[in-house]
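This is what each chain is made of:
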Amino acid sequence: MMGGPAPIEIAAAMGKIPRGLFIMTAAHDQRRSGVLVKWVQRCSTQPPLLMVAVPKGQPVEPLIRDSRGFALCQIAEDDAFLFRKFATPHDRTDDPFVALDTRDGAYSAPIIERAMSYLDCEVVRHLDLDADHRLYIGRIHAGEILHPAKPAVHWDENGYPPARSSAG
């Protein structure tokens, strides 16, 4: 085959990479925001680093930039509430955490108490790719399992996101 695999074959192969569901949170200047993220990966153990892909244009991005930190709150498999609450972008002036019990991380990012676990991170690198997502590399300063549970994990059957799914 000239030119390599077809885009549909590449997408199908990529769809076999599992994705965890997390809420990425940040706060700055009395504003708080969060977004559902599906692509999180450890990058290093010494120091402990992770990478998060964030869809461009999310209200959380300026807060991450200005605070230089974020938290990742992992969603449990049976927590449809957190998935629904953060799956669609909210208005930039709304505080999506009003009805949730939270505490502040080291960089003021909200840590959602009902989450399965959290990681509190300092931004050490930001990559603006010629793509639909930006990459944030965070150094993990704190983390904890809040409620032992099975994590929400998803992969795409054909490589493309399902039209309607509770797992994103």
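Below, the structure is looked at part by part. All residue numbers refer to position in the chain's written sequence, counted from 1. Reporting in this predicted model follows two pLDDT cut-offs: at least 70 for local features of residues, and 80 or more for side-chain atom pairs to be given and counted; totals over whole chains, interfaces and linings ignore these cut-offs and use all residues. To obtain the side-chain values, all non-hydrogen atoms of the structure were used and water was disregarded.

**Examining the pattern of salt bridges**
Salt bridge, as used here, is a side-chain nitrogen of Lys or Arg placed within 4 Å of a carboxyl oxygen of Asp or Glu. With the rule as written, the count across this model stands at nine salt bridges. Ionic pairing is found between Arg32 and Asp95, a salt bridge with its closest N-O pair at 3.0 Å. One end of the pair, Arg32, is in strand S3 (residues 31-37); the other, Asp95, is in the loop between helix H3 (80-87) and strand S7 (102-104), with 63 residues separating them in the sequence. Relative accessible area decides the class of each residue, using a 1.4 Å probe on protein chains only: under 20% of the type maximum gives buried, over 50% gives exposed, and in between gives partly exposed. Here Arg32 falls in the partly exposed class, since its relative accessible area comes to 22%. Of the residues examined, Asp95 reaches a relative accessible area of 29% and is grouped as partly exposed. With a closest N to O distance of 2.8 Å, Arg103 and Glu113 form a salt bridge. A residue pair is termed long-range when its members are at least 10 positions apart, and Arg103 in strand S7 and Glu113 in the loop between strand S8 (110-112) and strand S9 (117-128) qualify at 10 residues. A relative accessible area of 27% places Glu113 in the partly exposed class. Put simply, DSSP marks the helices as runs of H or I at least four residues long and the strands as runs of E at least two long, and each gets a number from the N terminus on.

**A closer look at the packing of aromatic side chains**
Note on aromatic pairs: each is described by the distance of the centres and the angle between the planes. The aromatic pairing rule takes the rings of Phe, Tyr and Trp, using the six-membered ring of Trp, and pairs them if the centres are within 6.5 Å, calling planes under 30 degrees apart stacked, those over 60 edge-to-face and the rest tilted. Under the counting rule described, the total for this entry stands at one aromatic pair. Here Phe86 and Phe97 contribute two aromatic rings whose centre-to-centre distance is 5.5 Å and whose plane-to-plane angle is 40°, an arrangement assigned as tilted. Placement of the pair is Phe86 in helix H3 and Phe97 in the loop between H3 and S7, with a sequence separation of 11 residues. Given a relative accessible area of 1%, Phe97 falls into the buried group.

**Let's talk about the pairing of S9**
DSSP-based pairing: two strands are paired if at least 2 bridges between them are found. Both strand S6 (residues 69-74) and S9 contribute to a ladder of six bridges, which runs antiparallel. Opposite Gln74, over in S9, you have Ser117 as the bridge partner. The pairing of S9 with strand S10 (residues 133-145) spans 11 bridges and is antiparallel. Bridging across to S10, Ser117 finds its partner in Ile145. With antiparallel pairing between neighbouring strands as the criterion, S9 and S10 make up a hairpin whose turn holds four residues.

**Side note on the side chain of Glu61**
Take Glu61: it is sitting in helix H2 (residues 60-67). Apart from residues lying up to four places away in sequence, Glu61 is in contact with Val54, Pro55, Lys56, Arg134 and Tyr136. Any two residues whose heavy atoms approach within 4.5 Å are treated as being in contact.

**With respect to the pairing of strand S4 (residues 39-44)**
Looking along a regular strand, one sees the side chains alternate between the two faces of the sheet. Relative to strand S5 (residues 49-55), S4 is paired through five bridges, and the arrangement is antiparallel. Opposite Gln41, over in S5, you have Met51 as the bridge partner. Counting the residues between successive antiparallel strands, the hairpin from S4 to S5 contains four residues.

**Remarks on the sheet that holds S3**
Backbone hydrogen bonds are what pair the strands of a sheet, in a parallel or an antiparallel way. Pairing in this open sheet of seven strands is antiparallel, and the strands run S3-S2-S6-S9-S10-S5-S4 from one edge to the other. Two strands lie at the open edges of the sheet, namely S3 and S4, each paired on one side alone. Mean inter-strand twist for the sheet, computed between neighbouring axes without regard to direction, equals 35°. Axes here refer to lines fitted to C-alpha atoms; in helices the fit is confined to the stretch in contact. Angles between the N-to-C directions go from 0 to 180 degrees. Strands in contact with H3 are strand S2 (22-28) and S3; relative to S3, the strand with the most contacts, it is inclined by about 110°.

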